[in-house]
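One-letter residues, chain by chain:
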Amino acid sequence: QEYDLGQAKALAFQNVLGAAIIVFMHLKWGYLRPMLLQSVLGLRTLSAAPIVQVYLFGKPATGDLARPW
């Protein structure tokens, strides 16, 4: 349980940090394309993460989804 919580926090931090950098770039220099790519790729990364596969999609934690991730 603690391991899963740690993995969830790390995944959330990774996505929030990436989004913050892209938002800064957008606000500072007006870049729009990286912001769009980050939103699409961020969702793709989240949906492919093992912890999301196990908890949100209800897949069994066996094979590639077996802990530790």
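Owing to the predicted nature of the structure, the values given are computational and were not obtained by experimental measurement.

Caption draft 1: Spotlight on the side chain of glutamine 53. Counting through the fold element by element, glutamine 53 comes out in helix α3 (residues 50-55). Note on glutamine 53: relative accessible area 12%, which makes it buried. Within the local environment of glutamine 53, its side chain forms a polar contact with the side chain of lysine 59, the two groups lying 2.9 Å apart. Apart from the residues within four sequence positions on either side, glutamine 53 is in contact with Ser47, Ala48, Gly58, Lys59 and Leu65.

Caption draft 2: Summary view of the packing of aromatic side chains. Under the criterion given, the structure shown has three aromatic pairs. Between phenylalanine 24 and tryptophan 29, the ring centres sit 5.8 Å apart and the planes meet at 80 degrees, which makes this aromatic pair edge-to-face. Taking the relative accessible area as the measure of exposure, phenylalanine 24 reaches 47% and is therefore partly exposed. Centre to centre, the rings of tryptophan 29 and tyrosine 31 are 6.1 Å apart; their planes meet at 35 degrees, and the pair counts as tilted. An aromatic cluster is built from Phe24, Trp29 and Tyr31, whose rings are joined through pairwise contacts.

Caption draft 3: Just a nonpolar patch on the surface, in detail. Together, Phe13, Leu17 and Ile21 give the surface a local cluster of nonpolar side chains, amounting to about 310 Å² of exposed area. Inspection of the secondary structure puts isoleucine 21 in helix α1 (residues 2-29). Take isoleucine 21: its relative accessible area is 46%, and that puts it in the partly exposed class.

Rules used throughout
Residues numbered from 1 in each chain as written. Predicted model: local features only at pLDDT ≥ 70, side-chain atom pairs only at ≥ 80, totals over all residues. Heavy atoms only, no water. Helix = DSSP H or I, 4+ residues; strand = E, 2+ residues; numbered from the N terminus. Buried < 20%, exposed > 50% of the residue type's maximum accessible area, 1.4 Å probe, protein only. Polar contact = N/O pair within 3.5 Å; in protein donor to acceptor, adjacent residues only side chain to side chain. Contact = heavy atoms within 4.5 Å. Phe/Tyr/Trp six-rings, centres within 6.5 Å; stacked < 30°, edge-to-face > 60°. Patch = residues over 30% accessible without salt bridge, like charges linked within 9 Å, V, L, I, M, F, W, Y side chains within 5 Å. Areas by Shrake-Rupley, 256 points an atom, 1.4 Å probe, with all protein chains shown as cover. Salt bridge = Lys/Arg side-chain N within 4 Å of Asp/Glu carboxyl O.

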